[in-house]
Amino acid sequence: MDLKAVIVEDEKHSRENLKQFLEEFCTDITVTSMATSVSEAITILSSTKPDVVFLDIELQTGTGFDVLNQISNFNFEVVFTTAFDQYAIKAIKFSSLDYLLKPIDLEELQNAVEKVRKKKNQKIYKKQLETLMLNLKQQKPKLNKICLATAEGFEFVNIDDIIFCKANGSYTSFIMKNESKLLVSKHLKEYENLLLEQDFMRVHNSYLINLKEVKKFVKSDGGYIIMNNDISVSISRSKKEDFLKVMSTFTK
């Protein structure tokens, strides 16, 4: 089935390059419209029915998020494009959505188009976008929710409800306040990069903890941490000094 695409991009060179890449190297996709501003994008997306929108985050007249905020009902998927907005990229990752860094790599573009073809569950997809928009409303760099891809689907959890994360081979286990455990098919390192600014700390190769959920530190047996759910967490010798320094100034 042919995919109809809309490109929202204010730089002519980037706009034309993306259109050429899509039509020459991505099978059965047609660029039906291109917009260069927030208002133009809203007009086009409100009156057409694209399958996918390639949405530049930084526009001269605003942001791609301004476009999404002003469209009441949509049934298209979004692939964000950006050159540098690190905070926006982090918010997108928290929502498990797709983005492309400019200059756009052809193989990454083809992978993004293939994901669109797989037709995600639209209700879940809207929830991912809602999570993104919620996080973007928060004061930087604090974010509220994260989307976790499990074997059953997607889980949207409050970051403050995570007690700690534990490495489980190429997977990561999330231990939650409600005593549930979520197994996610990504390495712990990826979540370390996402959660460090959210009051989390990597205290061991196997553990990433929520500092607000630390109950106490025990010096015996080389030292270990007890979390609020009374589970003991190992701490590496090399991390102990940094952990104690952070906790000495940390307030809930």
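It should be noted that the structure appears before, not after, this text.
The paragraphs below set out a description of the structure included in this document. Numbers given for residues are sequential positions, taken from 1 along each chain in its written order. Per-residue local features of the predicted model are confined to residues with pLDDT of at least 70, and side-chain atom pairs are confined, for both listing and counting, to 80 or more; whole-chain, interface and lining totals are unaffected and use all residues. Values shown for side chains rest on all heavy atoms present in the structure; no hydrogens or waters enter the calculation.

1. Here's the deal with the overall build of the protein chain
Selection criterion: Strands here mean DSSP runs of E at least two residues long; helices mean DSSP runs of H or I at least four residues long; both are numbered from the N terminus. The buried label applies to any residue whose accessible area, calculated with a 1.4 Å probe on protein chains only, is under 20% of its type's maximum; exposed applies above 50%, and partly exposed to all values in between. When checking whether two residues touch, look at their non-hydrogen atoms; a contact exists if any pair is within 4.5 Å. Here the open area of atoms and residues is found with the Shrake-Rupley method and a 1.4 Å probe, where only the protein chains shown may cover a residue.
Within the protein chain, the secondary structure is distributed over eight helices and 17 strands. C-alpha extents for the protein chain along the principal axes are approximately 65 × 35 × 30 Å. Here the protein chain holds 252 residues, and 46% of them are scored as buried. Considering only intrachain contacts with a sequence separation of at least 6, the fraction spanning at least 24 residues in the protein chain is 56%. When the accessible surface of the protein chain is split by element, carbon and sulfur atoms take 47% of a total near 13300 Å².

2. Some points on the packing of aromatic side chains
As a reminder of what qualifies: Pairing of aromatic side chains here covers Phe, Tyr and the six-membered ring of Trp, requires ring centres within 6.5 Å, and sorts the geometry by plane angle: under 30 degrees stacked, over 60 edge-to-face, intermediate tilted.
Tallied over the full model, the rule gives five aromatic pairs. Judged by centre distance (5.8 Å) and plane angle (65°), the ring pair of Phe164 and Tyr207 falls under edge-to-face. Residue Phe164 is located in strand β10 (residues 162-168), and its partner Tyr207 is located in strand β14 (residues 207-210); the two are separated by 43 residues in the primary sequence. The class of Phe164 is buried, set by a relative accessible area of 3%. Of the residues examined, Tyr207 reaches a relative accessible area of 11% and is grouped as buried. Seen in terms of ring centroids, Phe174 and Tyr191 are 4.9 Å apart; in terms of plane orientation they differ by 90°. Their pairing is edge-to-face. Separated by 17 residues along the polypeptide, Phe174 in strand β11 (residues 171-176) and Tyr191 in helix α7 (residues 188-195) bring together distant segments of the chain. A relative accessible area of 3% places Tyr191 in the buried class.

3. Side note on unusual backbone geometry
Residue Pro103 follows Lys102 across a cis peptide bond; omega there is -5°. Position of Pro103 among the secondary structure elements: in the loop between β7 (99-101) and α5 (106-117). With phi around 70°, Asp199 is a residue other than glycine that occupies positive phi space. As for its placement among the helices and strands, Asp199 is situated in the loop between α7 and β13 (200-204). Positive phi is not limited to glycine here, since Asp230 has a value of about 70°. Following the sequence through the fold, Asp230 ends up in the loop between β16 (224-227) and β17 (232-234).

4. Let's talk about the environment of Gly153
The residue Gly153 is located in the loop between β8 (145-149) and β9 (154-158) in this model. Along the chain, Gly153 and Val184 lie 31 residues apart, while their C-alpha atoms are 10.0 Å from each other.

5. Regarding the pairing of β8
As a reminder, the rule being used: Pairing between strands is defined by DSSP: at least two bridges between them are needed.
Of all five residues in β8, four are buried, a share of seventy percent or more. Sheet analysis places β8 next to β9, joined by five bridges and oriented antiparallel. By the bridge assignment for β9, Lys145 is matched with Asn158. What sits between β8 and β9 in their antiparallel hairpin is a turn of four residues, with Gly153 showing a positive phi close to 155°.

6. Regarding the environment of Lys123
If you trace the backbone, Lys123 turns up in helix α6 (residues 122-136). We classify Lys123 as exposed; its relative accessible area is 73%. In this structure, the C-alpha to C-alpha distance between Lys123 and Asn75, residues 48 residues apart in sequence, is 9.8 Å.

7. A look at the sheet that holds β17
The following threshold applies: Axes here mean lines fitted to C-alpha atoms, for a helix over just the part in contact, with angles spanning 0 to 180 degrees between N-to-C directions.
Taken together, three strands build an open sheet; the order of strands is β15-β16-β17 and the sheet is antiparallel. Single-partner strands in this sheet number two, and they are β15 (214-218) and β17. Going across the sheet, the axis of each strand differs from the next one's by a mean of 30°, ignoring polarity. Two strands pair when backbone bridges link them, and β15 and β16 are joined in this way by four bridges, in the antiparallel orientation. Looking across to β16, one finds that Val218 is bridged to Tyr224. Contacting β15 and β16, helix α8 (residues 237-249) crosses the sheet at an angle of about 135° to β15.

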